[in-house]
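# Remarks on the overall topology
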Amino acid sequence: GFRGWMQDYGEYTPPYSVSFDGTDGLEMHNKYVILYQNTTYDFLTKKYPSSDPDTYAPDFVVFVRSGYTGSQQYTWAHWTGDPTSDWSYASGLPAQIIGSLTVGISGMPYSGSDIGGFQWYVTPPPSMELWCRWAEVGCFSGTMHEQGSGSGFGNKTLIFDTPEGTRIWRKYAKLRTQLFPYLYNTAHDAYQTGLPVMRHHLLDFPHDAQAISQNFQYMFGASFLVAPVIDQGRTDWDVYLPEGETWIDVSSQLKYDEKRGRFLLGFTNYTQGGRTVKVSAPLDVVPMFVRAGTMVPVLDPRVMTLGDATDPKVITMKRLQHLLHLWIWPTEDGFAQLQFYDRSWWSMYYVQYEKHWMIVFNDMTQNRTNILQVSAPWTS
């Protein structure tokens, strides 16, 4: 678990209200948001201070839905409020991506939405298709949380109501868990630079006008380009690949071993950026590309929880901390690299005169075994 909570409300003060010092509601309207969050921050920072302020935030998490100029100094996690359980671009699934990307540009590194939505007064409760597509967005958000409650006419459905929904949820929950080392590395970048986990293309490709115009695809950390399907009934999707990079299609070749909960990399081809491609996107697939030359650290697929457990049948991250998997997508000339937050590093080269590939590394964790998967034409 973690210290903290979901801090609801706090958006504003009513215009007819009066604060303790006599300030009327109109003047206090936006300032109240900052005071609300500052009070929580001061209390928790005093109780749970950071052990290393240069490296880590204080040891708690409060995620909020309100915000105003200056909120970033008191809160670093956000969710998008009470979305409608539909495909609406105004307040449904697509709108949550825009909300998270916008707050990320504003300096809030972690953002997510209520998977499944929260309100269904003018539309039916969420369909299984909507649940699954929203779970895919959640996997590639700053925070991933399922919303089993809400309000509307009739009972809310759940993603676990059907075997297919349960299977897809498990697939993306397993992927999210296995990506923890990558996310933890991304979190260190966020703390040091302010770059969010979900990155609008403006942050990575500021000179590519076509990339900047994309509002529903984004970088997930430094390596992955994610383009979730947000329209009902679609089984393919257009993805714009920003110029100046060579991209590899991950999603169409990523095989999921349901029995073992593991993922196996495949390879299609190298695609130069600056073009739009159409990719297959059945219900259990979210379109995803990776920059060529990337190494991604992941957990062993047997890990069931990041926390501790008393039941010996529950496999914890700590229990398998001696294993680190590396997913590798080298460039066409065989190069890939990874810099880790703890000063560990790995580099892959093609040694031309010996006609073989070589990996050199400096793993700062002693006695840790590295398990490699390489996605390249010569491994297909």
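What this report covers is the structure whose coordinates are included nearby. (Residues numbered from 1 in each chain as written. Predicted model: local features only at pLDDT ≥ 70, side-chain atom pairs only at ≥ 80, totals over all residues. Heavy atoms only, no water.)

### A closer look at the overall build of the protein chain
Each helix and strand in the protein chain was counted, giving eight helices and 24 strands. For a compact globule of 380 residues, the expected C-alpha radius of gyration is about 21 Å, and the protein chain comes in at 22 Å, within 12% of that figure. Overall size of the protein chain, expressed as C-alpha extent along the three principal axes, is 80 × 50 × 50 Å. Counting over 380 residues, the protein chain shows a buried share of 48%. Summarising the internal contacts of the protein chain: among those between residues at least 6 apart in sequence, 67% fall at separations of at least 24. Within the structure as shown, the protein chain displays about 18,300 Å² of accessible surface, and the carbon and sulfur contribution to it stands at 54%. Positive and negative side-chain charges of the protein chain, numbering 28 and 37 respectively, have mean locations separated by a distance of 8 Å. (Helix = DSSP H or I, 4+ residues; strand = E, 2+ residues; numbered from the N terminus. Rg over C-alpha atoms; globule rule 2.2 N^0.38 Å. Buried < 20%, exposed > 50% of the residue type's maximum accessible area, 1.4 Å probe, protein only. Contact = heavy atoms within 4.5 Å. Areas by Shrake-Rupley, 256 points an atom, 1.4 Å probe, with all protein chains shown as cover. Lys, Arg positive; Asp, Glu negative; His and termini not counted. Charge placed at Lys NZ, Arg CZ, Asp CG, Glu CD.)

### A few points about the packing of aromatic side chains
One pass over the structure, following the stated rule, counts 24 aromatic pairs. A ring pair is formed by Y182 and F224, whose centres lie 5.3 Å apart and whose planes are at 70°; its orientation type is edge-to-face. Taken as a pair, Y182 in helix α6 (residues 180-193) and F224 in strand β11 (residues 224-226) lie far apart in primary sequence, 42 residues in all. With respect to burial, Y182 and F224 carry one shared label: buried. Taken together, a centroid distance of 4.4 Å and an interplanar angle of 45° make the contact between Y350 and W357 tilted. Taking relative accessible area as the criterion, Y350 reaches 27% and is therefore assigned partly exposed. Among the residues examined, W357 registers a relative accessible area of 33% and is labelled partly exposed. These aromatic residues form a ring-pair network of at least three members: F140, Y182, F220, F224, Y256, F263, W327 and W329. The ring centre of Y9 lies 4.8 Å from the NZ or CZ of R65, which sits over that ring. (Phe/Tyr/Trp six-rings, centres within 6.5 Å; stacked < 30°, edge-to-face > 60°. Lys NZ or Arg CZ within 6 Å of the ring centre and 35° of its normal.)

### A few points about the packing of helix α4 (residues 128-139) against helix α5 (residues 163-178)
In the contact formed by α4 and α5, the axes pass within 9 Å of each other and the chain directions differ by 0°. One way to sum up the angle between α4 and α5 is to call them roughly parallel. Mapping the contact onto sequence places M128, C132, A135, E136, G138 and C139 in α4 and G165, I168, W169, Y172, L175 and R176 in α5. Classifying every residue of the contact of α4 with α5 by side-chain character gives eight nonpolar, two polar and two charged. (Axes fitted to C-alpha atoms, helices over the stretch in contact; angles between N-to-C directions. Parallel < 35°, antiparallel > 145°, perpendicular 65-115°, else oblique. Nonpolar A, V, L, I, M, F, W, Y, C, P; charged D, E, K, R; others polar.)

### A look at α6
When the terminal C-alpha atoms of α6 are compared, their 19 Å separation across 14 residues agrees well with the 20 Å that a helix rising 1.5 Å per residue should span. Taken as a whole, α6 has its buried residues at P181, Y182, L183, N185, T186, A187, H188 and A190. Two residues or fewer after α6 comes G194, characterised by a positive phi angle close to 85°. (Expected span 1.5 Å × (residues − 1).)

### Some points on the sheet that holds strand β9 (residues 198-199)
The six strands lie next to each other as β9-β10-β11-β18-β13-β16, forming an open sheet whose pairing is antiparallel. Across the chains shown, the open sheet's two edge strands, defined by having one partner strand only, are β9 and β16 (270-272). Of the strand pairs in this sheet, strand β13 (residues 246-249) and β16 are connected by three bridges, and their pairing is antiparallel. If you follow W247 over to β16, its bridge partner there is T271. (Pairing = 2+ DSSP bridges.)

### Focus: the state of the cysteines
All chains considered together, the criterion is met by zero disulfides. Here C132 stays free of any disulfide, with the sulfur of C139 as its closest cysteine sulfur at 13 Å. A residue is classified by how much of its surface remains accessible, and C132, at 0% relative accessible area, is buried. (Disulfide = S-S within 2.5 Å.)

### Some points on the side chain of H188
By the element assignment, H188 lies in helix α6. H188 sits in the buried class, given a relative accessible area of 11%. Apart from residues no more than four positions distant in its own chain, H188 is found in contact with T55, Y56 and Y341.

### Topic: the environment of M358
Tracing the backbone through its elements, the reader meets M358 in strand β23 (residues 356-362). Taking the C-alpha atoms as reference, M358 lies 9.3 Å from G334; in sequence the two are 24 residues apart. Excluding its chain neighbours within four sequence positions, the residues that come into contact with M358 are S347, M348, Y349 and V351.

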